[in-house]
Amino acid sequence: MMETTASVHTTTVASLSEANRSNILQYLYHHGISSRAQIAKALGLTPAAITKITARLIEAGALEETGDIEGRKNRRSIGLSLDATRFHVVGVKFARSLVQIGVFDLAGALLGLDNLPPVTDGTIGETIRDIHRRVNLLLDRDPRIVAIGMAVPGPYLREVGRIAVVSGMQGWRKVNFITEFTHAFRVPVFVEHDARAGALAHYLFDRESGGDLAYYLVGEGVGLGVIDHGRLFNGAIGAATEIGHVSIDVDGRLCDCGNRGCLERYCSTPAIHAMLVEDGQVVPDAAAMSHTQACRALFAKAHDGDERALAMVRSVGRYVGYGCVTIMNAFNPRRVVIGDIVAEAGEPMLREVRRTVADRAIPELVDSTEILLSGLDADAAVAGAAAVAVTQFLERPSLFFDVSGAS
């Protein structure tokens, strides 16, 4: 049915109103306590419009007045604040065999973290039920929780709700995250690709990251999230930036995705674990360990100066570096942030990454790109899951507050 002019106008006005509310929330989130005059000037809205919108947001409980602050020409103004501690979100990280559930405030401060029992293909259904149970308990205990974010391995088909490929644990492909979780709880649920969620975490919670960055997830899988001028790079169906399935050896190791020589076959935790088992000496009991345990045992020995362990860490660093070269050539971010379990290898790996990039990347890109390890207090994917929820809270206030009547 063709929309009438009146319905189009109503939709346009509603969209503009929501955009204005969102812009105010985001301004206060990023700039802290501000006066109405400061907000009006920054956003290009009239003081009258700001007064009307903020009055409704205060009434709805989204904002609060903080008392007098110094305004222009030493005039006193009343400050407005979005108190990040008043609202909490849940972040759920799915990483093949590892699932974590964290509670955060809007600023990304970690308030609590649970690690679920290790997951196998045969226990995925049990894990799903456990997530339902644990999240409902959190909601019962903490009335401040307003949203749930979930970070899942990629490539994640966001319109369909499932993962296209999960190397080493294909059972996750059978889970439809939209069907399973979207309406499962009494607060809204949002699902995002794990590396893109990690990029959001650095953008929101690490004030030094800026608006152009790449989050390079190197853990049980290898993924990439890119923020370009403050916006996530998604692709047509949400499957962009799949760096883990870029081939670095056309005749290399076979990958579950059907390609050969995929990057994640050389520097993910399963790949490192396989190298340790094959070696048999650097970590002699590696075969009895999980992927994460084996990698951490390797990194501990490297940090203690074991030469064989250091050589293996440097080898991993070269592969991670090959991925950085591809990221820099394809997306030209100002900053590449390496995170997840493999980042725990620390400086010995990072030095090799930078050395590889210096040898193989375009000099101008080397000079203009900072490569560093994630400095977030929590794992970037679980913090990223929280960041997905925070982003929706800021961008879609009408989902969370009764703002009817606000302009």
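Criteria and thresholds
Residues numbered from 1 in each chain as written. Predicted model: local features only at pLDDT ≥ 70, side-chain atom pairs only at ≥ 80, totals over all residues. Heavy atoms only, no water. pLDDT = per-residue confidence, 0-100. Helix = DSSP H or I, 4+ residues; strand = E, 2+ residues; numbered from the N terminus. Contact = heavy atoms within 4.5 Å. Polar contact = N/O pair within 3.5 Å; in protein donor to acceptor, adjacent residues only side chain to side chain. Expected span 1.5 Å × (residues − 1). Buried < 20%, exposed > 50% of the residue type's maximum accessible area, 1.4 Å probe, protein only. Salt bridge = Lys/Arg side-chain N within 4 Å of Asp/Glu carboxyl O. 1 Å grid on protein atoms, 1.4 Å probe; cavity = no way out; pocket = protein on both sides within 12 Å on 5 of 7 lines; lining within 4 Å. Points joined across faces, edges and corners; volume = space filled by probe spheres on them. Nonpolar A, V, L, I, M, F, W, Y, C, P; charged D, E, K, R; others polar. Pairing = 2+ DSSP bridges.

1. Notes on the confidence of the model for the protein chain
Averaged over every residue, the pLDDT of the protein chain is 90; residues scoring 70 or more account for 95%. Ranking the elements of the protein chain by mean pLDDT puts helix α1 (residues 5-31) last with 80 and helix α11 (residues 347-360) first with 98. Note that residues 5-9 has pLDDT below 50 and, in this model, 1 contact with residues that lie over four places away or in other chains.

2. Quick word on the side chain of S34
Along the chain, the position of S34 falls in strand β1 (residues 34-35). Within the structure, the side chain of S34 is placed 3.0 Å from the backbone oxygen of G32, a separation counted as a polar contact. When near neighbours in sequence (up to four residues on either side) are disregarded, S34 contacts Y27, L28, I39, I69, I78, G79 and L80.

3. Considerations on helix α4 (residues 124-141)
Relative to the 26 Å expected for 18 residues at 1.5 Å per residue, α4 spans 26 Å between its end C-alpha atoms, a close match to the ideal helical length. Taken together, the buried positions of α4 are I124, T127, I128, D130, I131, H132, R134, V135, L138 and L139. Buried residues belonging to α4 abut β4 (88-95), β5 (98-105), β6 (110-115), β7 (145-152) and α5 (177-181).

4. A few points about the pattern of salt bridges
Per the counting criterion, the structure on display carries 19 salt bridges. Measuring nitrogen to oxygen at the nearest pair gives 3.3 Å for the salt bridge that ties D340 to K93. Taken together, the residues D340 in the loop between β14 (335-339) and α11 and K93 in strand β4 connect sequence positions 247 residues apart. The residues D340 and K93 share a single accessibility class, namely buried. Between E352 and R318 there is a salt bridge, with the nearest N and O atoms lying 3.7 Å from each other. Here E352, found in helix α11, pairs with R318, found in helix α10 (residues 307-331); they are 34 residues apart in sequence, far enough to count as distant. Judged by relative accessible area, E352 falls into the buried class, the value being 8%. One salt-bridge network, held together by shared partners, links D114, D130, R133 and R134.

5. Things to note about empty space enclosed by the protein
Taken as a whole, this structure holds 2 cavities of 30 Å³ or more when the rule is applied. Roughly 80 Å³ of internal volume is contained in the largest cavity. A class-by-class count of the residues in the lining of the largest cavity yields 3 nonpolar, 5 polar and 4 charged. Each pocket or cavity is described by its volume, and for the second largest cavity that value is around 60 Å³. Taken together, K93, F94, A95, R96, P153, D194, L217, G219, E220, G221, D340 and A381 make up the lining of the second largest cavity. The greatest single-element share of the lining of the second largest cavity, amounting to 3 residues, is contributed by β4. Residue composition of the lining of the second largest cavity, grouped by class: 5 nonpolar, 2 polar and 5 charged.

6. So, the pairing of strand β10 (residues 189-193)
Burial runs high along β10: 5 of the 5 residues are buried. The pairing of β7 with β10 spans 5 bridges and is parallel. For G149, the partnering residue across the bridge sits in β10 and is F190.

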